[in-house]
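# Fold and geometry: a report
Listed below, chain by chain, are the residues.
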Amino acid sequence: MKYVDGYVLPVPKKNLPAYRRIATECSKIWRKYGALKFRECVGDDLKTIKVKSFPGVVKPKRGETVVFSWIVYKSRAHRNKVNDKAMKDPRLAGTMKTKKMPFDSKRMAYGGCKVMVDA
C-alpha cells in the first residue's frame, strides 16, 4: 500500500526563492533514494467558508503564505528506508547550513498517511 508524508507550513513570501532552492535540492535527494513523487505547492486559493483551511492550521503571519507538500512512497517501510538514507546524505546537511531556515518549523503540521484511494 502506497504511503504519503504530507506537511503544511507557513513561509514568508520574501523567503519563497530560498525555500524553493532547498526544496529542489531535497527533491533530488529523496528521489535518488526511491521516493515516487515529491511535490511542493504554494497556496493560491486559501480562503474557505465553513471548513478549517490550511492557514487556519499553521497561522501565517502578515507577509507569509502557505506551502503544502507531500512525498509518495511504495509503503511505510519504504518511506522509513528512503528517509533514513536521505537524512544521511551530505547534500541534506548542505541545505541546512543556512544561518536561518526560510520558514518557522515550529508552526509546521506534518503526518504520515496510508493511501486510501489512488486514482
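Here, the structure is the one placed above.
Throughout what follows, the structure given in this document is the object of discussion. Source: prediction; values computed, not measured. Every chain begins its residue count from 1, and numbering advances along the sequence as written. pLDDT decides what is reported in this predicted model: residues at 70 or higher carry local features, side-chain atom pairs at 80 or more are listed and counted, and totals for whole chains, interfaces and linings draw on all residues regardless. In computing side-chain values, all of the structure's heavy atoms are included and hydrogens and water are not.

### A short note on the layout of surface pockets
What counts, and what does not: In this analysis the probe radius is 1.4 Å and the grid spacing 1 Å, with only protein atoms considered; a cavity is a set of points the probe fits into but cannot get out of, a pocket is an open set with protein on both sides within 12 Å along at least five of seven lines, and lining residues have an atom within 4 Å of a point. Grid points are joined across faces, edges and corners, and a volume is the space filled by probe spheres set on the points. Secondary structure is summarised from DSSP: a helix means a run of H or I of at least four residues, a strand means a run of E of at least two, and numbering begins at the N terminus for each.
The volume enclosed by the second largest pocket comes to roughly 250 Å³. Lining the second largest pocket, in full, are Leu-16, Pro-17, Tyr-19, Arg-20, Ala-23, Thr-24, Ser-27, Phe-38, Glu-40, Cys-41, Val-42 and Val-67. Of all the elements in the fold, those that place two or more residues in the lining of the second largest pocket are helix 1 (16-32) and strand 2 (37-42). It is helix 1 that provides the largest number of residues to the lining of the second largest pocket, a total of 7 residues.

### Some words on the packing of aromatic side chains
Where we set the bar: Working definition: rings of Phe, Tyr and Trp (its six-membered ring) pair if their centres are within 6.5 Å, and the pair is stacked with planes under 30 degrees apart, edge-to-face with planes over 60 apart, and tilted otherwise. Only protein chains enter the accessibility calculation, which uses a 1.4 Å probe. A residue is then buried if its area is under 20% of the maximum for its type, exposed if over 50%, and partly exposed in between.
Counted under the stated rule, the structure contains 4 aromatic pairs. Judged by centre distance (5.6 Å) and plane angle (75°), the rings of Tyr-19 and Phe-103 are edge-to-face. With Tyr-19 in helix 1 and Phe-103 in the loop between helix 4 (90-95) and strand 4 (109-114), this pair connects stretches of sequence that are 84 residues apart. Residue classification places Tyr-19 among the buried residues on the basis of a relative accessible area of 8%. For the ring pair Trp-30 and Phe-38, a centre distance of 6.5 Å and an interplane angle of 50° mean the geometry is tilted. Owing to a relative accessible area of 10%, Trp-30 belongs among the buried residues under this scheme. According to the relative accessible area criterion, Phe-38 is buried, its value standing at 11%. Joined through ring pairs, the aromatic side chains of Phe-54, Phe-68 and Trp-70 make up one cluster.

### Overview of the nonpolar core
As a reminder of what qualifies: What is meant by a nonpolar core is a set of buried Ala, Val, Leu, Ile, Met, Phe, Trp, Tyr and Cys residues, joined one to another through side-chain atoms within 4.5 Å. In this analysis, two residues are considered to be in contact whenever any of their non-hydrogen atoms come within 4.5 Å of each other.
The biggest cluster of nonpolar side chains holds 17 residues, and the ones touching the most others in it are Leu-9, Tyr-19, Cys-26, Trp-30, Phe-38, Ile-71 and Tyr-73. The set of elements that each furnish at least two residues to this core consists of strand 1 (3-12), helix 1, strand 3 (64-73) and helix 3 (76-88). Sorting elements by how many residues they give to this core places helix 1 first, with 6 residues. Setting aside residues up to four positions removed in sequence, Cys-26 forms contacts with Phe-38, Leu-92 and Thr-95.

### Side note on the sheet that holds strand 4
For clarity, the cut-off: For two strands to count as paired, DSSP must find a minimum of two bridges between them. Between the N-to-C directions of two axes lies an angle of 0 to 180 degrees, each axis being a line fitted to C-alpha atoms and, for a helix, fitted only over the stretch in contact.
Across the sheet, 4 strands lie side by side as 2-3-1-4; this open sheet has antiparallel pairing. Looking at which strands have only one partner, the edges of the open sheet turn out to be strand 2 and strand 4. The average undirected angle you get between the axes of adjacent strands in this sheet is 15°. Across the sheet, helix 1 lies against strand 1, strand 2 and strand 3, angled at about 170° from strand 2, the strand it touches most.

### Remarks on helix 1
Put simply, the rule reads: Expected span, for any helix, means 1.5 Å times one less than how many residues it has. As used here, the arc belongs to the directions running from the helix axis to the C-beta atoms.
The first and last C-alpha atoms of helix 1 sit 24 Å apart over 17 residues, in line with the 24 Å expected at 1.5 Å per residue. All buried positions along helix 1 are accounted for by Tyr-19, Ile-22, Ala-23, Cys-26, Ser-27, Ile-29 and Trp-30. Projection of helix 1 onto a plane perpendicular to its axis shows the buried side chains occupying an angular sector of 165°, all on one side. For helix 1, the exposed residues lying more than 90 degrees away from the buried face are Arg-20, Arg-21 and Lys-32. Its buried side turned inward, helix 1 meets strand 1, strand 2, strand 3, helix 3 and helix 4. Within two residues after helix 1, Gly-34 carries a phi angle of roughly 120°, on the positive side.

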